[in-house]
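Residue-level structural notes
So the chains spell out like this:
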Amino acid sequence: MKSVKLFIVFSIILAAVIGVFFLMTDSKSGKLFADADNTIEKYRKDFENDWNSRGDWDKDIFMDHHETIKQLGNDYPLDELKNLDAQLAIELVKKKSIEEWESNSCRSSVIDKYMEAIDIITNYAPQNASHNNVQLIKNINGVYRSALALANTKIMTNAKFTYPDMWSNYDVYKSSILQKKQNILNNTTYKTYLENIDEIKTGLDAIDGKLSNGKHHYYNSLAHSIMNCYANKDFNSEELTNLANVCNKFKEEYGGENNDLNSFYSIFRQQTVNPQ
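Residues numbered from 1 in each chain as written. Predicted model: local features only at pLDDT ≥ 70, side-chain atom pairs only at ≥ 80, totals over all residues. Heavy atoms only, no water.

**Observations concerning the overall build of the protein chain**
Scanning the protein chain from terminus to terminus reveals 10 helices and 0 strands. Listed by position from the N terminus, the elements making up the protein chain come as α-α-α-α-α-α-α-α-α-α. The burial tally for the protein chain puts 36% of its 276 residues in the buried class. Working note: accessible area of the protein chain is about 16,700 Å², and carbon and sulfur atoms make up 51% of it. (Helix = DSSP H or I, 4+ residues; strand = E, 2+ residues; numbered from the N terminus. Buried < 20%, exposed > 50% of the residue type's maximum accessible area, 1.4 Å probe, protein only. Areas by Shrake-Rupley, 256 points an atom, 1.4 Å probe, with all protein chains shown as cover.)

Okay, structure coming up:
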């Protein structure tokens, strides 16, 4: 009986010790969770204030935040804080880059700065690489770069002739450029964010005229390339036939005559038929 009483007393004491232990553990855990929540809220406000005060992307601010988070130590939710700061920075970059794209005087150097910012942010917080805002910025930039390149493209005016009768058809080239232009103008992203940029509008508007003027220069260049090539060929019936075919193809594509090429053909034919 005595042993039973001792067992009961021991059990009560053990239960009390265990209860105290769990109470202390829960209290400590609750304090940790509370500290973590307070830390996130504190740095959210600090980070937001820093970005709002600056009003633009600033690499130094971003890296200062990075160092601050590193120094907190592993007792705090470092990944959550990194992600928080990254998303604040991304939101600001999105706002500023779209403002630039929607302006008449959009500057590629400014857009370069924001694209570099996205690379820095996503390198630091790679989980944000697929963030909707990041994807939107990259999509707009892709269309912007294509439109800018087309607006500033140099029209092909120098022809490359390959013996005996090969060269690029200018009308095919012209059609491909006009199709690229139309694709840009019909693009939803272009119409939403980029259609007010003066540099692009002016460049695209000028393409048709540049293509029309370029045709004469291209075929004039081609005529001289043909003459340079055949000037090094022997005067014989095979080469005369080749040259005749080239001249006919040239006139059909160009839709006109080239006096220098016609004169060259006449001389080549005379030297072949009546060699001196």
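**Description of unusual backbone geometry**
For the bond running from tyrosine 163 to proline 164, omega is 5°, close enough to zero to count as cis. Tracing the chain through its elements places proline 164 in the loop between α5 (132-151) and α6 (170-186).

**As for the packing of aromatic side chains**
Under the criterion given, the structure shown has 18 aromatic pairs. With a centroid separation of 5.7 Å and 55° between ring planes, the pair formed by tyrosine 170 and tyrosine 173 is classed as tilted. Residue tyrosine 170 and its partner tyrosine 173 are located together in helix α6, separated by 3 residues, close to a single helical turn. As far as burial versus exposure is concerned, tyrosine 170 and tyrosine 173 are alike and both buried. When the centroid spacing of 5.3 Å and the interplanar angle of 40° are considered together, the rings of tyrosine 170 and tyrosine 218 count as tilted. Taken as a pair, tyrosine 170 in helix α6 and tyrosine 218 in helix α8 (residues 198-230) lie far apart in primary sequence, 48 residues in all. Judged by relative accessible area, which is 0%, tyrosine 170 ranks as buried. (Phe/Tyr/Trp six-rings, centres within 6.5 Å; stacked < 30°, edge-to-face > 60°.)

**Looking at the pattern of salt bridges**
Per the counting criterion, the structure on display carries 10 salt bridges. As a salt-bridge pair, arginine 54 and aspartate 58 come within 3.0 Å of each other at their nearest N and O atoms. For aspartate 58, a relative accessible area of 17% puts it in the buried group. Through salt bridges with shared partners, a single network forms among Lys95, Lys96 and Glu99. (Salt bridge = Lys/Arg side-chain N within 4 Å of Asp/Glu carboxyl O.)

**Things to note about the side chain of aspartate 56**
Counting through the fold element by element, aspartate 56 comes out in the loop between α1 (2-54) and α2 (59-72). Classification of aspartate 56 by relative accessible area gives buried; the value is 13%. Among the polar contacts made by the side chain of aspartate 56, one reaches the side chain of lysine 113 at a distance of 3.4 Å. At 2.8 Å, the side chain of aspartate 56 and the side chain of tyrosine 114 are in polar contact. (Polar contact = N/O pair within 3.5 Å; in protein donor to acceptor, adjacent residues only side chain to side chain.)

**Quick word on the side chain of histidine 65**
Topologically, histidine 65 is positioned in helix α2. Among the polar contacts listed, one links the side chain of histidine 65 to the side chain of aspartate 50, at a separation of 2.7 Å.

**Remarks on the nonpolar core**
If you look at the biggest cluster of nonpolar residues, it comprises 72 residues, and the most contacted ones within it are Trp57 and Ile226. In terms of residue count, the dominant contributor to this core is α8 (12 residues). If sequence neighbours within four positions are ignored, isoleucine 226 has contacts with Phe161, Trp167, Leu243, Val246, Phe250 and Leu261. (Core = buried A, V, L, I, M, F, W, Y, C linked by side-chain atoms within 4.5 Å. Contact = heavy atoms within 4.5 Å.)

**With respect to α8**
Under the 1.5 Å per step criterion, the end-to-end length of α8 is 46 Å for 33 residues, consistent within 8% with the ideal 48 Å. Of all the bends found along α8, the most pronounced is centred on isoleucine 207 and spans about 40°. (Expected span 1.5 Å × (residues − 1). Bend = angle between axes of the 7 residues up to and from the residue.)

**Details of the packing of α8 against helix α10 (residues 259-273)**
Look at α8 against α10: their axes get within 9 Å of each other, and the N-to-C directions meet at 20°. The angle between the axes of α8 and α10 places the two elements in the roughly parallel class. Both α8 and α10 take part in a crossing whose hand is left-handed. The residues of α10 that touch α8, namely those facing Ala223, His224, Ile226, Met227 and Tyr230, are Asp260, Leu261, Phe264 and Phe268. When its residues are assigned to classes, the contact of α8 with α10 shows 7 nonpolar, 1 polar and 1 charged. (Axes fitted to C-alpha atoms, helices over the stretch in contact; angles between N-to-C directions. Parallel < 35°, antiparallel > 145°, perpendicular 65-115°, else oblique. Left-handed = near helix turned anticlockwise from the far one by under 90°. Nonpolar A, V, L, I, M, F, W, Y, C, P; charged D, E, K, R; others polar.)

**Describing helix α9 (residues 237-254)**
Counted at 1.5 Å a residue, the expected span for α9 with its 18 residues is 26 Å, and the 25 Å between its end C-alpha atoms agrees. Among all positions in α9, only Glu239, Leu240, Asn242, Leu243, Ala244, Val246, Cys247, Phe250, Glu253 and Tyr254 are buried. For α9, the elements touching its buried residues are α6, α8 and α10. One side-chain oxygen of the residue at the start of α9 lies 3.2 Å from the amide nitrogen of glutamate 238, identifying that residue as asparagine 236. Of the residues one or two after α9, glycine 255 is the one with positive phi, at around 80°.

**Comments concerning the packing of α9 against α10**
Two elements in contact, α9 and α10, have axes whose closest approach is 10 Å; the angle formed by their N-to-C orientations is 160°. On the basis of the axis angle, α9 is roughly antiparallel to α10. Judged by the twist between their axes, the crossing of α9 over α10 is left-handed. Counted together, Ser237, Glu239, Leu240, Leu243, Ala244, Cys247 and Phe250 of α9 and Leu261, Phe264, Tyr265, Phe268, Arg269 and Thr272 of α10 form the full contact between these two elements. Looking at the contact of α9 with α10, its residues break down into 9 nonpolar, 2 polar and 2 charged.

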